[in-house]
Amino acid sequence: MPPASDGPIPDFKVGEYDEAEVEAARVLFARPATFVMGAAKIEQLPEPNLPEIAFAGRSNVGKSSLINGLVGMHKLARASNEPGRTREVNFFDLDGKMRLVDLPGYGWAKASKTTVKKFQDLGRDYLRGRVTLKRVYLLIDARHGLKSVDKDALDALDNAAVSYQIVLTKADKIKAHERETVREATLKAISKRPAAFPAVIVTSAEKGLGMPELRAEIMRTTGALL
């Protein structure tokens, strides 16, 4: 019989995680995480030899904070005080189990339109051609919900036929009933989008809200086990 890590992951219902799965995900994400590289051109991407999950979102949505929160490190992904600075596809290795990928932000940048288009096109090229990409987590600020500027990202993911899931960030900034309202509104907004995963995870990297569930969902999605 092959070892458990070689077998398929259990078929859980959407959004349900038992204690064992949450604990396994905690241990997985406590393993060493390192920055691999930043790719400015599609030809520079690392070999597609590990499962990958990618994070996308507006430039100021908190991608770096979320990635750092997932692995329990403060400076793995470097946040900038100047939104729009991420102009490469950045790869992080989680102990040889998977790669976390930080895609260029969208919606605002102190850069020329030509430069903005260049690094956003790089993100689209990655989405279309990456065979090891298991899912994209599209980050949306819980205080604002989906905005018109997010429509292009949703369309790009649908057109690329890449599975994506909405993650609401900065949820500690609003009250509990407001979180539920924006979660339900987001679910309704994506209900007819062909590539959208039918669950929304509400998170706060600062307070740890939803992070155990997000780790478990990523572990389940990639099949990365200890």
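Residues numbered from 1 in each chain as written. Predicted model: local features only at pLDDT ≥ 70, side-chain atom pairs only at ≥ 80, totals over all residues. Heavy atoms only, no water.

1. Some words on the side chain of Asp158
Using the following cut-off: A run of DSSP states H or I qualifies as a helix once it reaches four residues; a run of E qualifies as a strand once it reaches two. Both are numbered from the N-terminal end. For the purposes of these results, a polar contact is taken to be a pair of N or O atoms within 3.5 Å, where, inside protein, one atom must be able to donate a hydrogen and its partner to accept one; residues adjacent in sequence count only when each atom of the pair is a side-chain atom. In this description, contact between two residues means that some pair of their heavy atoms is separated by no more than 4.5 Å.
Topologically, Asp158 is positioned in helix α4 (residues 151-159). From its side chain, Asp158 meets the backbone nitrogen of Ala195 in a polar contact 3.1 Å long. Contact partners of Asp158, with chain neighbours within four places excluded, come to Tyr164, Arg193, Pro194, Ala195 and Ala196.

2. Structural notes on the sheet that holds strand β4 (residues 98-102)
Keep this limit in mind: Whether two strands pair comes down to DSSP finding at least two bridges between them. Every axis corresponds to a line fitted to the C-alpha atoms, with the helix fit spanning only the stretch in contact, and the corresponding angles, defined between N-to-C directions, vary from 0 to 180 degrees.
Pairing within the open sheet is mixed, and its seven strands lie in the order β1-β3-β4-β2-β5-β6-β7. Two strands bound the open sheet, and with one partner strand each, they are β1 (33-39) and β7 (196-202). Neighbouring strand axes in the sheet, compared pairwise and without regard to direction, differ in orientation by 25 degrees on average. Relative to β4, strand β3 (residues 89-94) runs antiparallel, the two sharing five bridges. Across the sheet, the residue bridging to Leu94 is Met98, located in β4. Sheet contacts for helix α2 (residues 63-71): β1, β2 (52-57), β3, β4, β5 (133-141) and β6 (164-169); angle to β2, the most-contacted strand, approximately 145 degrees.

3. Focus on the packing of helix α1 (residues 19-29) against helix α6 (residues 211-222)
Selection criterion: Convention used here: angles under 35 degrees read as roughly parallel, angles over 145 as roughly antiparallel, angles from 65 to 115 as roughly perpendicular, and any remaining angle as oblique. Classification convention: Asp, Glu, Lys, Arg as charged; Ala, Val, Leu, Ile, Met, Phe, Trp, Tyr, Cys, Pro as nonpolar; all other residues, Gly among them, as polar.
Two elements in contact, α1 and α6, have axes whose closest approach is 8 Å; the angle formed by their N-to-C orientations is 85 degrees. It follows that α1 is roughly perpendicular to α6 by the angle criterion. For the pair α1 and α6, contact is made by Glu21, Val22, Ala24, Ala25, Arg26, Leu28 and Phe29 and by Pro212, Arg215, Ala216, Ile218, Met219 and Arg220, respectively. Looking at the contact of α1 with α6 residue by residue, the classes come out as nine nonpolar, no polar and four charged.

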